[in-house]
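Here is how the chains run, residue by residue.
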Amino acid sequence: MAKAFSGIQPTGQIQLGNYIGALRNWRPDPGSFYCVVDLHSLSQPWDPKELQENTRSTAALLLALGLGQGSHVFLQSHVQEHAELAWILNCIGRMGELGRMTQFKSKGRGHQDASVGLFTYPLLMASDILLYRVEEVPVGEDQKQHVELTRDIAERFNSRFGPVFTVPEPRIAEVGGRVMSLRNPLEKMSKSDPDPNSKILLSDSDEVIAKKIMTAVTDSGREVAYDPKEKPGVSNLLEIASTLSGESVEALAARYRDGGYGAFKRGVAEVVVEALRPLREKVEALLADPEEIDRQLEIGRAAAEREARPMLAEVREAVGLL
Ligand code: AQP
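Residues numbered from 1 in each chain as written. Predicted model: local features only at pLDDT ≥ 70, side-chain atom pairs only at ≥ 80, totals over all residues. Heavy atoms only, no water.

1. Section: the domain arrangement of the protein
Stage number 1. By the assigned domains, the protein splits into domain 1 (5-172 + 290-319) and domain 2 (196-283).
Stage number 2. Between domain 1 and domain 2, the C-alpha centre-to-centre distance is 30 Å.
Stage number 3. In this complex, domain 1 contributes twelve residues to the contact, which on the side of domain 2 involves 13 residues.
Stage number 4. Overall, the association of domain 1 and domain 2 removes approximately 1,100 Å² of surface from exposure, summing both partners, and the carbon and sulfur fraction of that is 77%.
Stage number 5. Our enumeration of links across domain 1 and domain 2 arrives at zero salt bridges. (Domains from an automatic or database assignment. Contact = heavy atoms within 4.5 Å. Buried area = accessible area lost by both parts, 1.4 Å probe. Salt bridge = Lys/Arg side-chain N within 4 Å of Asp/Glu carboxyl O.)

What follows is the structure in structure tokens.
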């Protein structure tokens, strides 16, 4: 049982890709830490009130998934060691390697008004991970490059100052590591996509989920087949249904092959609705009791600090801070 760390940004409401690519693979093992990375979400323009709401609802989701039992759930900004280690790692990371991060290239490069935080946030992410001496980081495919950067930073630090950090591995699901937009299956599904029909939110009602899937962009032809290159829209829906039902994409494709896209989409919608409903109901119940959310986050904060404090003290000593 490997110790794991992962985080999720409260940059909006959580979408199905976050769930399939990441949250579903977070295991409530002792010694694992899961975090709402609220500081990361300041790297893009934000509304303070919305940030508060999204932070609370994201925390409620992690708690509803049972990650506060066994493992620990907390808010990044509640544990100050993250920000301090981030500064030290900012002095270890290099401009060139951060400039190669594809997320920065797509969201920030060439934009003079992009925040400096958007450029340096992978080093805050490295700090999040390295504070907890974990072996694994379960993430979606889009975050793999940042975990690889974390490994490079940890190795560089260790070779310069001694064996302080555990070097973690990314853990990425074989199917569902990159769920695509329902409106453009060549782009990943994203919280911040302004088109509400591009993404399924975990808070969407049964009816809204079904409607979004029925209107998802599919491909030319009529045949349901798994072929991400030629049929990216259908293949995306097959992957979504497969991860949530446990049936292989091949078995699902065989079942719906000649029945037309309508019957296929109805089948996918049913799987998604049934998978998300119990989770949505648990989140709604928790959100009705914000004090309980705060109580559980406080327990998580204390557990996280017990790990992060001695780790940061070791780093400070290694780099020569008095
Ligand atoms: N479409 C996706 N398919 C599979 N995994 C995904 N993840 C995100 N989108 C998909 C994974 O979800 C975890 C949390 O993501 P994040 O909050 O750190 O930010 P992100 O990767 O930038 O996700 P979004 O939804 O696209 O947010 P915005 O719009 O704010 O940029 C990560 O493990 C991520 O890989």
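2. Remarks on the site of the ligand
Stage number 1. Taken together, the neighbourhood of the ligand is formed by 24 residues, with Lys-107, Asp-142, Ser-190, Lys-191 and Ser-192 sitting nearest.
Stage number 2. For the ligand, an oxygen atom lies 3.1 Å from a polar atom in the side chain of Asn-18.
Stage number 3. At 2.8 Å from a nitrogen atom of the ligand is found a main-chain nitrogen or oxygen belonging to Val-179.
Stage number 4. The fraction of the free accessible surface of the ligand (640 Å²) that becomes covered by protein chains is 97%. (Near = heavy atom within 4 Å. Polar contact = N/O pair within 3.5 Å; in protein donor to acceptor, adjacent residues only side chain to side chain. Areas by Shrake-Rupley, 256 points an atom, 1.4 Å probe, with all protein chains shown as cover.)

3. Structural notes on the packing of aromatic side chains
To describe a pair of aromatic rings, you give the distance between the ring centres and the angle between the ring planes.
Stage number 1. In this structure the tally under the stated criterion is nine aromatic pairs.
Stage number 2. Ring centres of Phe-5 and Tyr-132 lie 5.6 Å apart, and the angle between their planes is 10°; on these two criteria the pair is classed as stacked. Linking Phe-5 in strand E1 (residues 5-8) with Tyr-132 in the loop between helix H6 (116-130) and strand E4 (136-138), this pair joins segments that are 127 residues apart in sequence. Accessibility assignment for this pair places Phe-5 and Tyr-132 in one class, buried.
Stage number 3. Taking 5.8 Å as the distance between ring centres and 50° as the angle between the ring planes, the aromatic pair formed by Phe-74 and Tyr-132 counts as tilted. Separated by 58 residues along the polypeptide, Phe-74 in strand E3 (residues 72-75) and Tyr-132 in the loop between H6 and E4 bring together distant segments of the chain. The residues Phe-74 and Tyr-132 share a single accessibility class, namely buried.
Stage number 4. Taken together, the ring pairs in this structure connect Phe-5, Phe-33, Phe-74 and Tyr-132 into an aromatic cluster. (Phe/Tyr/Trp six-rings, centres within 6.5 Å; stacked < 30°, edge-to-face > 60°. Helix = DSSP H or I, 4+ residues; strand = E, 2+ residues; numbered from the N terminus. Buried < 20%, exposed > 50% of the residue type's maximum accessible area, 1.4 Å probe, protein only.)

4. What to know about the packing of helix H9 (residues 232-245) against helix H11 (residues 260-287)
Stage number 1. Their axes nearest at 9 Å, the elements H9 and H11 cross at an angle of 35°. Crossing hand, H9 versus H11: left-handed. Here H9 contributes Val-234, Leu-237, Leu-238, Ile-240, Ala-241, Leu-244 and Ser-245 to the contact with H11, which in turn contributes Tyr-261, Phe-264, Lys-265, Val-268, Val-271, Val-272 and Ala-275.
Stage number 2. For the contact of H9 with H11, the class distribution of residues is twelve nonpolar, one polar and one charged. (Axes fitted to C-alpha atoms, helices over the stretch in contact; angles between N-to-C directions. Left-handed = near helix turned anticlockwise from the far one by under 90°. Nonpolar A, V, L, I, M, F, W, Y, C, P; charged D, E, K, R; others polar.)

5. Some details on the pattern of salt bridges
Stage number 1. Counted by the stated rule, this structure contains 23 salt bridges.
Stage number 2. Measuring nitrogen to oxygen at the nearest pair gives 3.5 Å for the salt bridge that ties Arg-309 to Glu-305. Here Glu-305 and Arg-309 lie together in helix H12 (residues 290-319), a separation of four residues that amounts to about one turn.
Stage number 3. Residues joined by salt bridges that share partners form a network here, namely Glu-81, Glu-298, Arg-301, Glu-305 and Arg-309.

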